[in-house]
Amino acid sequence: MNCAICTLFEGDYHLGLGALANSLYACGFRGTIYAGYRGTLPPWAKVAQQNNGFSDFKVADGFCIRFMPVEAKVHLTNYKPDFMLQLWEKNCPDAESLFYFDPDIVVRFPWKFFEEWASDSVALCEDVNSPMPGNHPKRNAWRRLLITRGHKLENKTGVYVNGGFVALPRAHKEFLKLWLQIITQIGDAGVHLDALNTAEDYRFWNNDQDALNIALMETNCPTSCAGKDGMGFIASNSFMLHAVGCDKPWKTRLFRQFLAGKSPMTVQRAYWENVASPIRVFPPAKITRMQMGMKLAAFGSRFYGS
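Residues numbered from 1 in each chain as written. Predicted model: local features only at pLDDT ≥ 70, side-chain atom pairs only at ≥ 80, totals over all residues. Heavy atoms only, no water.

## Description of the overall build of the protein
Piece 1. Within the protein one finds 9 helices and 11 strands.
Piece 2. Relative to a compact globule of 306 residues, whose C-alpha radius of gyration would be 19 Å, the protein shows 20 Å and is just as compact.
Piece 3. Taking the principal axes of the C-alpha coordinates as reference, the protein spans close to 60 × 55 × 35 Å.
Piece 4. A burial count over the protein gives 54% of its 306 residues as buried.
Piece 5. Between the centroid of the 33 positive side chains of the protein and the centroid of its 28 negative side chains there is a distance of 7 Å. (Helix = DSSP H or I, 4+ residues; strand = E, 2+ residues; numbered from the N terminus. Rg over C-alpha atoms; globule rule 2.2 N^0.38 Å. Buried < 20%, exposed > 50% of the residue type's maximum accessible area, 1.4 Å probe, protein only. Lys, Arg positive; Asp, Glu negative; His and termini not counted. Charge placed at Lys NZ, Arg CZ, Asp CG, Glu CD.)

Here is the structure:
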């Protein structure tokens with residue numbers, strides 16, 4: 001199947017992108033990752049070739065990352081549906097399915113599984129904070145705001161999905177248009193879209209994610225939603241692992257965890273297993289040190305953990 005993958009990053013999130021790309025390659029993906037970014041290219045991609053305003057980094061045979069500068073004024077998390085629609089219109093119009101992954105995700109299942117998942121429906125994953133009942137006061141607040149703007153919001157669901165993974169076939173790209181429309185209307189209502197979180201408005205917190213869930217309430221597109229196992233939020237054979245929150249795996253402080261008697265988290269171990277090849281995200285000595293440290297910390301936590 002002709003599929004394309006995209007992500008958005010800035011700052012040190014390139015350290016996550018490298019591991020995401022390596023995990024996708026290990027799981028069998030071949031093709032192009034379209035990486036929208038602000039700032040400079042990652043140190044590990046300095047050999048990327050300039051190409052009509054883009055930078056193409058050949059990772060391995062049949063596998064490339066195309067770095068695309070982004071000038072949007074909103075926070076990148078609120079740029080997701082816009083970016084995906086532009087890619088389908090201008091960069092990969094022949095892609096049968098388009099996948100968005102946050103750059104702090106590590107993929108674990110064979111790529112064929114993902115292809116089949118998004119072949120005929122919008123693929124999503126339940127969030128760690130799910131469920132949110134259909135009559136939840138926040139959902140009712142969303143209705144009060146958006147029904148007056150032409151939305152129906154009739155479909156009630158108890159699932160609250162995570163915005164870090166969205167995939168869909170080209171036949172249902174109208175879902176992206178709906179998602180973008182809702183983000184825009186949230187901004188029109190006075191919510192700041194240049195920030196990751198919105199603390200000043202009780203109706204919204206993660207703007208893109210809340211908008212995604214609103215779109216899920218309204219859409220007529222078929223959807224396929226994995227549970228909390230999809231992103232590793234519960235102990236299971238997860239499709240992928242998502243390092244939500246501020247404590248990213250590339251910031252791991254193993255010595256502190258060891259002193260606290262804490263075993264490395266599954267997402268931390270998976271991350272450091274995917275930083276060496278085909279992209280070398282860190283110097284070899286650091287990779288070896290962290291991988292050995294993970295094993296020692298896991299062993300020590302059995303004796304010193306509380």
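Next comes the rest of the write-up.
## Considerations on the pairing of strand β5 (residues 63-69)
Piece 1. Of all 7 residues making up β5, 6 are buried, and the element is well covered by its neighbours.
Piece 2. The pairing of strand β2 (residues 31-37) with β5 spans 7 bridges and is classified as parallel. Along β5, the bridge assignment pairs T32 with C64.
Piece 3. Bridging between strand β4 (residues 54-60) and β5 involves 5 bridges; their strand directions are antiparallel. Bridge pairing in β5 links S55 to F67.
Piece 4. Between β4 and β5, which pair antiparallel one after the other, the connecting turn spans 2 residues, and G62 there sits at a positive phi close to 80°. (Pairing = 2+ DSSP bridges.)

## Quick notes on the pattern of salt bridges
Pairs can form between side chains of opposite charge whenever their charged atoms are close.
Piece 1. As enumerated under the stated definition, the model contains 9 salt bridges in all.
Piece 2. Across the pair R66 and D56 runs a salt bridge whose closest N-O atoms are separated by 2.7 Å. One end of the pair, R66, is in strand β5; the other, D56, is in strand β4, and 10 residues separate them in sequence. Accessibility assignment for this pair places R66 and D56 in one class, buried. (Salt bridge = Lys/Arg side-chain N within 4 Å of Asp/Glu carboxyl O.)

## Focus on the packing of aromatic side chains
Piece 1. What the rule picks out here adds up to 28 aromatic pairs.
Piece 2. For the pair F113 and F114, a centre-to-centre distance of 5.5 Å together with 85° between the ring planes defines the contact as edge-to-face.
Piece 3. Classification of F114 by relative accessible area gives buried; the value is 0%.
Piece 4. With centroids separated by 6.1 Å and ring planes inclined at 70°, the aromatic side chains of F114 and F165 adopt a geometry described as edge-to-face. Of this pair, F114 sits in helix α3 (residues 111-117) while F165 sits in strand β9 (residues 165-169), and the two are 51 residues apart along the sequence. For the pair formed by F114 and F165, the shared burial category is buried.
Piece 5. Put simply, the rings of Y25, F29, F63, F99, F101, F109, W111, F113, F114, W117, F165 and F239 touch in pairs and so form one group of aromatic residues. (Phe/Tyr/Trp six-rings, centres within 6.5 Å; stacked < 30°, edge-to-face > 60°.)

## Some words on unusual backbone geometry
Piece 1. With an omega dihedral of 10°, the bond running from S130 to P131 counts as a cis peptide bond.
Piece 2. Going from S277 to P278, the amide bond is cis rather than trans, its omega being 0°.
Piece 3. Here P278 lies in the loop between α8 (266-272) and α9 (284-304).
Piece 4. The phi dihedral of N52 is positive, around 55°, even though this residue is not glycine.
Piece 5. Take N52: it is sitting in the loop between β3 (49-51) and β4.
Piece 6. Backbone geometry at L153 places phi at a positive 50°, although glycine is not the residue there.
Piece 7. Looking at where L153 falls in the secondary structure, it is placed in the loop between α4 (137-146) and β9.

## What to know about the pairing of β2
Piece 1. Of all 7 residues in β2, 6 are buried, a share of seventy percent or more.
Piece 2. Pairing of strand β1 (residues 3-9) with β2, which is carried by 5 bridges, proceeds in the parallel orientation. Residue I5 lies in a different strand from β2, and its bridge partner there is I33.
Piece 3. Each parallel crossover has a hand, and for β1 linked through helix α1 (residues 14-26) to β2 it is right-handed. (Right-handed = clockwise from strand over helix to strand, strands pointing away.)

## Overview of the packing of helix α5 (residues 174-188) against helix α6 (residues 207-218)
Piece 1. Close contact between α5 and α6 brings their axes to 9 Å; oriented N to C, the two are set at 125°. Our classification of the angle between α5 and α6 gives oblique. For the element pair α5 and α6, the recorded crossing hand is right-handed. Between α5, through F175, L178, W179, I182, I183 and I186, and α6, the contact on the second element is made entirely by N207, D208, A211, L212, I214, A215, L216 and E218.
Piece 2. Of the residues that constitute the contact of α5 with α6, the class distribution is 11 nonpolar, 1 polar and 2 charged. (Axes fitted to C-alpha atoms, helices over the stretch in contact; angles between N-to-C directions. Parallel < 35°, antiparallel > 145°, perpendicular 65-115°, else oblique. Left-handed = near helix turned anticlockwise from the far one by under 90°. Contact = heavy atoms within 4.5 Å. Nonpolar A, V, L, I, M, F, W, Y, C, P; charged D, E, K, R; others polar.)

Everything listed is a geometric property; what it means functionally is a separate question.
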